[in-house]
Structures are given as C-alpha cells and as structure tokens.
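Each chain, written out:
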Amino acid sequence: MAAHAGAVTPLKDARFTIDDDVKCLQSALENGSPQSGPSTWLLKGDPGCHVPPHYHTAEEQLIVIRGNVWTAMEGMPGALLTAGSVAVMPGKAVHWFSCRGTRPCLMAVTFDRPYDIVWSQPAAPRPR
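Let me begin by describing the structure that accompanies this report. (Residues numbered from 1 in each chain as written. Predicted model: local features only at pLDDT ≥ 70, side-chain atom pairs only at ≥ 80, totals over all residues. Heavy atoms only, no water.)

Looking at the state of the cysteines
Every disulfide links exactly two cysteines, by a covalent bond between their sulfur atoms. In total, this model carries 2 disulfides according to the counting rule given. Each sulfur of the disulfide joining Cys 24 and Cys 49 lies 2.1 Å from the other. One disulfide, between Cys 24 and Cys 49, carries an S-S torsion of 75 degrees and so falls in the right-handed class. Highlighted residues: Cys 24 in the loop between strand E1 (17-18) and strand E2 (25-32) and Cys 49 in the loop between strand E3 (39-45) and strand E4 (50-55), separated in sequence by 25 residues. A relative accessible area of 4% means that Cys 49 is categorised as buried. Across a sulfur-sulfur distance of 2.1 Å, Cys 99 and Cys 105 are joined as a disulfide pair. Given an S-S torsion of about 90 degrees, the disulfide between Cys 99 and Cys 105 has right-handed geometry. Assigned by exposure class, Cys 99 and Cys 105 land together as buried. Regarding the disulfides, the protein carries the connectivity 1-2, 3-4 under sequence-order numbering of its bonded cysteines. (Disulfide = S-S within 2.5 Å. Helix = DSSP H or I, 4+ residues; strand = E, 2+ residues; numbered from the N terminus. Buried < 20%, exposed > 50% of the residue type's maximum accessible area, 1.4 Å probe, protein only.)

Written as structure tokens, this is what we have:
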C-alpha cells in the first residue's frame, strides 16, 4: 500500500481555476488524484451561480464553509445549507446546487473514487 502524503493549504494559497463546464464556479484541488482515486476540492461560487443537474460515479460529500448553498437530489426536497451544513450524494444520484443570497459561497467537496461528471435532467420537477 502506498503511503499517503499530507496536505496543509491556507485558503489564501489555494489555486482556484474557473470550471470548464460551469463558468461561475471556481475549483481548487486540495488533495488526491481525481483521475485515479479519491480527491478533495474547494469550490467557490458567486451569488446566483447554478450548477445544473448531474451525477458522479463516486459518492460526493459537500460541506459548506461560508455562504448559502441551495441543493437538492432527485427524489428529495431541496434544502438551504449554511456554514457547517453537510450534503452526501450517493454515487449516480442526480443532484444540483446554487449559491444563494448576497455573499459568495465556499464549499469543501470530497469524492471517494475517481472523479467523473454526467450532466442530466432530474426525473421530477425541480423544487424552488
């Protein structure tokens, strides 16, 4: 078994880049290898930034650090998450989220296996 390297990154040193698919979202890889295994990311979005329905093969865990993040999963009602709130999306569960309010949102997101994304449409109408 390969040894795992530790990581300590002050927020001011995180290397955010604009997302290829959702231009209002910025991401910074904090740890791991999204191509071959688990990974941890920081995500930033301005108010009004919306990430459309999608799913991942991996389980996704999202923890809100600051801001108001509205999120929902197919078959579940949406919820407004604030700092410290957690959402867990099982692999292949269609979900979506947006940054609400007047402040930018900051989230930590982990994936338990290699990262992929499949854009989708929810089976039921999206709750508002």
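Concerning the sheet that holds strand E6 (residues 68-73)
Ordered by their spatial adjacency, 5 strands build an open sheet running E7-E6-E9-E4-E11, and the pairing between neighbours is antiparallel. Because the sheet does not close on itself, it has two edges, and the strands there are strand E7 (79-81) and strand E11 (118-119). Note: E6 against strand E9 (residues 95-100), 6 bridges, orientation antiparallel. Residue pairing in the sheet places Met 73 in a bridge with His 95 of E9. (Pairing = 2+ DSSP bridges.)

Focus: the side chain of Glu 60
Looking at where Glu 60 falls in the secondary structure, it is placed in strand E5 (residues 60-66). Of the polar contacts made by the side chain of Glu 60, one reaches the side chain of His 56; its length is 3.0 Å. A polar side-chain atom of Glu 60 sits 2.8 Å from a polar atom in the side chain of His 95. Once you skip the residues sitting within four places of it in the chain, Glu 60 turns out to touch His 54, Ala 87, Val 88, Met 89, His 95, Val 109, Thr 110 and Phe 111. (Polar contact = N/O pair within 3.5 Å; in protein donor to acceptor, adjacent residues only side chain to side chain. Contact = heavy atoms within 4.5 Å.)

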